[in-house]
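Residue strings, one per chain:
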Amino acid sequence: MAARIKMTSLLPRNLSVIIRPVQYRDLDGIERLNQESFAAQTPKGAGSATRQMQWLRRWYGFLKFLSWFPNPLQYLFCSYVAEQGRSLLGMIQVSPFNRTRSTWRVDQVMLDRATDKQVTGSQLLRHCFESIVEARTWVLEVNVNDLEALALYRQNGFQRLAEMTYWEIEPQLLTELAQGEPDLPNLLPISNADAQLLYQLDTASMPPLVRQVFDRNTRDFKTSLFGALSDAVKQWVMKTEVVSGYVFEPQRKAAIGHFQVQLDRKGITPHIATLTVHPAYTWLYPELLSQLARIVQDFPQQGLQLASSDYQPEREEYLERIGAKRIEHTLIMSRSVWHKLRESKFVSLEGIQWPEVLQGLQPARKPIPGGMSWTQQLQKRSPERSLPTKSEPPTFGNKPANIEASSQPESADPQQQQ
């Protein structure tokens, strides 16, 4: 009896782990993992994860429908779960990083406390590496204090690419910045016609290694009609508004600065801004931040969050000088993936017909195709000529024998001529 109880207790451990796409019945388990996951230990991660679960429960049916056919929002929620028996061990969410889908991003990995996080996390990551064949490079962002996540990603081949620092400007400081008059005479709105200028600005603002990993092109800075409609619906549902613009340099005919800010109308979450400045025009930071502060004044009083990377020292120096507060320090990691190409048909050496492969090395008794085709015409013109006898000298090489026979009557015996 004791042995039977022992066998039943070991049965769930012996079940294999299955990696499959997320289904609706997994939402309760994903919410439990969300509360236990190490990704929700940071304040930024906890707030975004909670909002994402609320949004996921509301729009799961629509997202599942979009994933069935090709469209710009097909991979808006591309997630997989690791299941053993009836227990949910973990979940991973990935998404394309660029329009060509050559680079993909690991958005989040959530694992159960009772499971071996290194083993389950590696299974989820490697399933994505193998199933998403079009991805040549993978990127992710992880908090520098999350040691378990760093160990998991390094074990699976991810390496450091850049360091990111997130800042928050308090509402009082924004009010002071808004009092200044920004000197931006060539501030223009953004349209699809400006995609090439924005692409050149983005290329010039980052190191070559980061540029190669991100692999962006002009299409990444254009907005399709379907994308514009989906953004409008999202802003209406989330009660947000997006304002963007860029600074044009008429002499160089290039964009030297770009900003985009997502404003919260409800006043619950901070406003989020994105800045891109040409390295030769770092004097634009005070002007652009003054412009952003003026835009924020028309909305509820919330802080303004923006990021800076380790290859942008001028931005970090300016934010420290004005008194911005550091809220999080993260690490961007990347890894490359090479997929082996499988042959569609197995070729065996035994089935190869060597005469068909080496057509130029045929036996000497058969003429080489196209080599001496005029000899056959000569045979047809002189059928009455005799063949060589045994007393004639043998011929060597690939010369046809009838050529030697055709010269025999010219060297006849002189006694017969007399």
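Keep in mind it's a predicted model, so treat the numbers as computed, not measured. (Residues numbered from 1 in each chain as written. Predicted model: local features only at pLDDT ≥ 70, side-chain atom pairs only at ≥ 80, totals over all residues. Heavy atoms only, no water.)

Draft legend 1. Quick look at the sheet that holds strand β5 (residues 137-143). Here we have 12 strands laid out as an open sheet, ordered β1-β2-β3-β4-β5-β12-β6-β11-β10-β9-β8-β7, and mixed in their pairing. Of all strands in the sheet, those with a lone pairing partner are β1 (18-21) and β7 (187-188), marking the two edges. (Pairing = 2+ DSSP bridges. Helix = DSSP H or I, 4+ residues; strand = E, 2+ residues; numbered from the N terminus.)

Draft legend 2. Molecular detail of unusual backbone geometry. Even without a glycine there, the phi angle at D215 is positive, about 50 degrees. Positionally, D215 belongs in the loop between α8 (208-214) and α9 (225-238).

Draft legend 3. Representation of the environment of N98 in the model. Mapping N98 onto the fold places it in the loop between β3 (87-96) and β4 (103-111). Since its relative accessible area comes to 5%, N98 is described here as buried. Distance from N98 to R216, taken between C-alpha atoms, is 6.0 Å for residues 118 residues apart in sequence. Dropping the residues within four chain positions of it, N98 is found in contact with T103, F214, D215 and D220. One polar contact links N98 to S102, side chain to side chain, over a distance of 3.0 Å. (Buried < 20%, exposed > 50% of the residue type's maximum accessible area, 1.4 Å probe, protein only. Contact = heavy atoms within 4.5 Å. Polar contact = N/O pair within 3.5 Å; in protein donor to acceptor, adjacent residues only side chain to side chain.)

Draft legend 4. View of the packing of aromatic side chains. Applying the stated criterion across every chain yields a total of 12 aromatic pairs. Ring geometry for F97 and F214: centres 4.8 Å apart, planes at 45 degrees, overall tilted. With F97 in the loop between β3 and β4 and F214 in helix α8, this residue pair connects regions lying 117 residues apart in the sequence. Residues Y281 and W283 carry aromatic rings whose centres are separated by 6.3 Å and whose planes lie at 65 degrees to one another, so their mutual orientation is edge-to-face. Looking at W283, the relative accessible area reads 48%, which means it is partly exposed. Taken together, the ring pairs in this structure connect Y75, W104, F129, W138, Y153 and F158 into an aromatic cluster. Of note, R335 hangs over the ring of F129, and the distance from its end group to the ring centre comes to 4.5 Å. (Phe/Tyr/Trp six-rings, centres within 6.5 Å; stacked < 30°, edge-to-face > 60°. Lys NZ or Arg CZ within 6 Å of the ring centre and 35° of its normal.)

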